[in-house]
Amino acid sequence: MKARKTRILADLPAQLLLRPRSWLLAGITGASLLGVVAATAVAPGSDTADIQFARVVESLPAPVAVIEAENDLPFVYSERIQAGDTLQSIFSRLHIDDAEALAHLSASAEGKQAVRQLRAGRSVTAIVSPDGRIASFSVPMGNSGTQLVLERNDQGLALRESSGETQVTMTEMRSGTITHSLFGATDAVGLPDNVATQLATIFGTWIDFHTDLRKGDRFNVIYEAIYEEGNPVRAGRIVAAEFINKGERHAVVLHRSPSGKEQYYSDDGRSLQQGFLRSPLEFSRVSSSFGRRLHPIHRSWRNHNGTDFAAPTGTPIKATSDGTVEFVGSQRGFGNLIVLKHRNGITTHYAHLNGFAKGLSKGQPISQGDLIGYVGCTGWCTGPHLHYEVHINKVPQDPMTVALPMADTLNARELAAFKRDTAPLRNRFALLNYELASAE
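Residues numbered from 1 in each chain as written. Predicted model: local features only at pLDDT ≥ 70, side-chain atom pairs only at ≥ 80, totals over all residues. Heavy atoms only, no water.

Undergrad: Run through the overall build of the chain, naming residues and quoting values.
TA: Scanning the chain from terminus to terminus reveals seven helices and 27 strands. The buried share among the 440 residues of the chain stands at 40%. For the chain, the share of sequence-separated contacts (at least 6 apart) that also reach a separation of at least 24 residues comes to 63%. Carbon together with sulfur atoms contributes 52% to the accessible area of the chain, which is approximately 24300 Å² in total. (Helix = DSSP H or I, 4+ residues; strand = E, 2+ residues; numbered from the N terminus. Buried < 20%, exposed > 50% of the residue type's maximum accessible area, 1.4 Å probe, protein only. Contact = heavy atoms within 4.5 Å. Areas by Shrake-Rupley, 256 points an atom, 1.4 Å probe, with all protein chains shown as cover.)

Undergrad: Summarise the confidence of the model for the chain; cite the residues concerned and give the values.
TA: On average, residues of the chain carry a pLDDT of 76, and 73% of them reach 70 or more. Of all helices and strands in the chain, the one with the weakest mean pLDDT is strand β1 (residues 26-29) (33), whereas strand β21 (residues 336-341) scores best (95). Every residue in residues 1-53 scores below 50 in pLDDT, and together they form 81 contacts with partners more than four places removed in sequence or on other chains. In this model, residues 62-71 is a region of pLDDT below 50 whose contacts with residues beyond four sequence positions or in other chains number 22 contacts. (pLDDT = per-residue confidence, 0-100.)

Undergrad: Can you tell me about the pairing of strand β14 (residues 262-266), naming the residues and giving the values?
TA: Most of β14 is tucked away: four of the five residues are buried. Where strand β13 (residues 248-256) and β14 come together, five bridges link them in antiparallel fashion. Note on β14: the bridge partner recorded for L254 is Y264. (Pairing = 2+ DSSP bridges.)

Undergrad: Give a description of the pattern of salt bridges that names residues and reports values.
TA: Scanning all chains against the criterion turns up 13 salt bridges. As a salt-bridge pair, R93 and D85 come within 2.8 Å of each other at their nearest N and O atoms. By relative accessible area, which is 14% here, D85 ends up buried. E172 is the salt-bridge partner of R174, the closest N and O atoms lying 3.7 Å from each other. We note that R174, like E172, is buried. (Salt bridge = Lys/Arg side-chain N within 4 Å of Asp/Glu carboxyl O.)

Undergrad: Report on the packing of helix α3 (residues 99-107) against helix α4 (residues 109-116), specifying residues and quantitative values.
TA: Close contact between α3 and α4 brings their axes to 5 Å; oriented N to C, the two are set at 85°. As the angle between them shows, α3 and α4 are arranged roughly perpendicular. Contacts from L105, S106 and A107 of α3 reach α4 at A109, G111 and K112. In terms of residue class, the contact of α3 with α4 is made up of three nonpolar, two polar and one charged. (Axes fitted to C-alpha atoms, helices over the stretch in contact; angles between N-to-C directions. Parallel < 35°, antiparallel > 145°, perpendicular 65-115°, else oblique. Nonpolar A, V, L, I, M, F, W, Y, C, P; charged D, E, K, R; others polar.)

Undergrad: Lay out the sheet that holds strand β25 (residues 371-374) with the relevant residues and their values.
TA: A sheet is described by the order of its strands in space; here three strands give the open sequence β19-β25-β23, paired in antiparallel fashion. Each edge of the open sheet carries a strand with a single partner, namely β19 (316-318) and β23 (355-356). Sheet topology note: the β23/β25 ladder contains two bridges and is antiparallel. Its bridge partner being in β25, F356 is matched across the sheet by G373.

Undergrad: Any chance you could break down the state of the cysteines for me, citing the residues and the numbers?
TA: Disulfide: a covalent bond connecting the sulfur atoms of a pair of cysteines. Scanning all chains against the criterion turns up one disulfide. Bridging C377 to C381, the disulfide has an S-S length of 1.9 Å. Handedness of the C377-C381 disulfide follows from its S-S torsion of about 140°: it is right-handed. The exposure class assigned to C381 is buried, which follows from its relative accessible area of 15%. (Disulfide = S-S within 2.5 Å.)

Undergrad: If you had to explain the packing of aromatic side chains to someone new, which residues and values would you point to?
TA: The full count for this structure, using the stated rule, is eight aromatic pairs. Consider the rings of Y265 and F418, whose centres lie 5.7 Å apart with planes at 50°: the pair is tilted. Note that Y265 is positioned in strand β14 and F418 in helix α7 (residues 412-439), a separation of 153 residues in sequence. This pair shows no difference in class: Y265 is buried, exactly as F418 is. These aromatic residues form a ring-pair network of at least three members: F203, W206, F209, F219 and F243. (Phe/Tyr/Trp six-rings, centres within 6.5 Å; stacked < 30°, edge-to-face > 60°.)

Undergrad: Requested: an account of α3, with residues and values cited.
TA: Taken together, the buried positions of α3 are occupied by A101, L102 and L105. Here the buried residues of α3 occupy an arc of 100° about the axis, which is enough to place them on one side. For α3, the exposed residues lying more than 90 degrees away from the buried face are A99 and A107. In this fold, the buried residues of α3 make contact with α2 (87-93), α4, β7 (134-141), β8 (146-153) and β9 (156-162). (Arc of directions from axis to C-beta.)

Below you can see the structure in the form of C-alpha cells.
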C-alpha cells in the first residue's frame, strides 16, 4: 500500500499540469479479515511426523477507508493574455476570488510595473485553491523573460522575481480517440488546451476539423511540459504528433531546418511551412489589385505595382517570409515604408503604415509571421490600407499570383540526418499506438 501511495504522490505534479481539475486521493488502511498464525518449534534432525501443528484463527478489524476531500487539491491554470486585459479580468477568467492578492499586486511597485507591461499573447500561470485564493500567480515582466511571482505562504503574501533559470522542460505523451469532437477527445485524455490548439493548427493543412473528423480517428501527441522548482508551470510546444483520419496517417516532427530555424516537417522530411504567406494581414479585403489603374489622387493611368488590402488603422501587419529589414522609414508617396529582403533576390514592400513595430531597425532579422508594423494612411492615400509589393530581382510581380519559393527543403544529406535525429520521436508513435490498442 505504501508503494501505491508513493506512486500517486509522485504522479501528482504531472496530473496537475493537465488542466484545472481536482483529484480524489484515497488511503486505505487495514488488512485481510482473517489471519492464520502457525506456531511450531522444530529441532534439527527431528521427525516431522511427531510435530503437532496448532492453528490459530484471529479476527482482525474491518478495513478503514480514509478519503480526503476532493476539493483539497488546487487548480493549475495557464492563460494567454488578451488585448485590453487587466488584473481583474485575468483573475475573473481564472476563477480567482482573492481581494488581498489583487490589492497586494496593485499596491506594489513591481506589481504596477508588471501590469503596465501586460501584452496580448503572453501567458500567466496560477495555482488556485478551490476557494479561489491564490497559492501562486506568475506574470511576465517586459521582454526580459523574467516573471513576477506572487506566492502565499504561512507568513502571508510575498513577491519575488523569477529569471526562469530554474525551469525544467520535460516530455509528456498523450493518446486519444475521437468520439464526437477533437477538443472533447483531447479533454478526455487531459491534453492541455494550448497543446490541443497547436494540434488543430498543425494538422489543419490536411484535416478540416469541422467536417473531416470521424468517430474512431486517433491521435498521438508528444509535447513539452515546463516545471519550475518542482511545480508545473505550463505546457510548451508540440515536438511530434500523429493523427489518423479516415484511415489516413499524418505525422509531424519538430526539426531544425537548414537555415537554423526549428519548424515542423512531415516524418518523411517535407516542410509544413509555406515559403511566403499570400497576405500580410489576417483579416482584410483586396481593395485594389496589381496592374494599370486610374490613380485616385493624381487622376492619371499608372501602373499599380502591388496589392492594396483595406483594413482599419492600427491593424497589425506581419512579415510574409523570413528575411532581414532592408529599409524602415518614410519614402515620398509610400509614406511610412518597410522593405524586407529575402533569399533568391526577393524583396517585399509594406507601405502607408501608421507606425512600425517597436525596435524595428535596418539589418534586423525577421521571421515569417513577426509583427512589423500597423496599417495606416501615410503618403499618397485616400483611406487606411496596406499597399503590399513583391519584387523579384527588382522587378515588381503580382503578389497574389506570382510563384514563390517554398520553405526550406532537405537535400539528400540533410534528409539522412533528419531521419537519424528524429528516429527516437517517430519510434514513440509505435509505443503510443501499442498502448492505445492495449487499452482498447
